[in-house]
Amino acid sequence: SRRWILELGSQQIIHADGWLAGGATTGVAFEALMARMGNLREATRTMVEGLGAVFIDLTPAFQEAALRGERLFYKYDTHWNQAGHDLAGQVVAEALRNGPRCAAG
């Protein structure tokens, strides 16, 4: 899997004009890539919460399921399978049940 990540992975780069683009991971150590795995999630959390919205993080539930050996993605694809969709739905439903109420409008 390390070889696959280093060969096919991409590194996100913000160009001088402000546009985000994928760049090659050539020359980047596997450990450096793994250390940055949560950066996009944390940047998204910061943006969402900065807008005053609630950020629902699916990562902990997906990690726990993976540790139990559950397969949540298609074998040769990065998309969720039915189990992944079901888990995401459960996490979102729980967050909505226990989170702040939406203002009636």
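The structure reproduced in this document is the subject of the present report. (Residues numbered from 1 in each chain as written. Predicted model: local features only at pLDDT ≥ 70, side-chain atom pairs only at ≥ 80, totals over all residues. Heavy atoms only, no water.)

Glancing now at the side chain of Asn81. The topology assignment puts Asn81 in the loop between α4 (59-67) and α5 (82-98). We classify Asn81 as buried; its relative accessible area is 12%. For Asn81, the side chain forms a polar contact with the main-chain nitrogen of Ala83, separated by 3.0 Å. At 2.9 Å, the side chain of Asn81 and the backbone nitrogen of Gly84 are in polar contact. Here Asn81 is in contact with Arg71, Leu72, Phe73 and Tyr74, once residues within four sequence places are set aside. (Helix = DSSP H or I, 4+ residues; strand = E, 2+ residues; numbered from the N terminus. Buried < 20%, exposed > 50% of the residue type's maximum accessible area, 1.4 Å probe, protein only. Polar contact = N/O pair within 3.5 Å; in protein donor to acceptor, adjacent residues only side chain to side chain. Contact = heavy atoms within 4.5 Å.)

A separate point is the side chain of Asp57. Tracing the backbone shows Asp57 in the loop between α3 (39-50) and α4. On the basis of relative accessibility, which here comes to 18%, the residue Asp57 falls in the buried class. Here the side chain of Asp57 touches Arg41 through a polar contact of 3.3 Å, side chain to side chain. Among the polar contacts made by the side chain of Asp57, one reaches the side chain of Arg45 at a distance of 2.9 Å.

The full count for this structure, using the stated rule, is 6 salt bridges. The salt bridge partner of Glu42 is Arg41, with a shortest N-O separation of 3.6 Å. Under the relative-accessibility criterion, Glu42 is labelled partly exposed at 34%. In this structure, Arg45 engages Glu42 in a salt bridge whose closest nitrogen and oxygen atoms are separated by 3.0 Å. Pair noted here: Arg45 and Glu42 are both in helix α3, with a separation of 3 residues, about one helical turn. Shared partners join several salt bridges into a network, and the residues in it are Arg41, Glu42, Arg45 and Asp57. (Salt bridge = Lys/Arg side-chain N within 4 Å of Asp/Glu carboxyl O.)

Separated by 10 residues in the primary sequence, Asn81 and Arg71 place their C-alpha atoms 8.1 Å from one another. A distance of 3.0 Å separates the side chain of Asn81 from the backbone oxygen of Arg71, its partner in a polar contact.

Another aspect to go through is the packing of α4 against α5. Interaxial distance between α4 and α5 falls to 10 Å at its minimum, and their mutual angle equals 135 degrees. Classified by the angle their axes make, α4 and α5 are oblique. Both α4 and α5 take part in a crossing whose hand is right-handed. Between α4, through Ala61, Phe62 and Ala65, and α5, the contact on the second element is made entirely by Gly84, Leu87, Ala88 and Val91. (Axes fitted to C-alpha atoms, helices over the stretch in contact; angles between N-to-C directions. Parallel < 35°, antiparallel > 145°, perpendicular 65-115°, else oblique. Left-handed = near helix turned anticlockwise from the far one by under 90°.)

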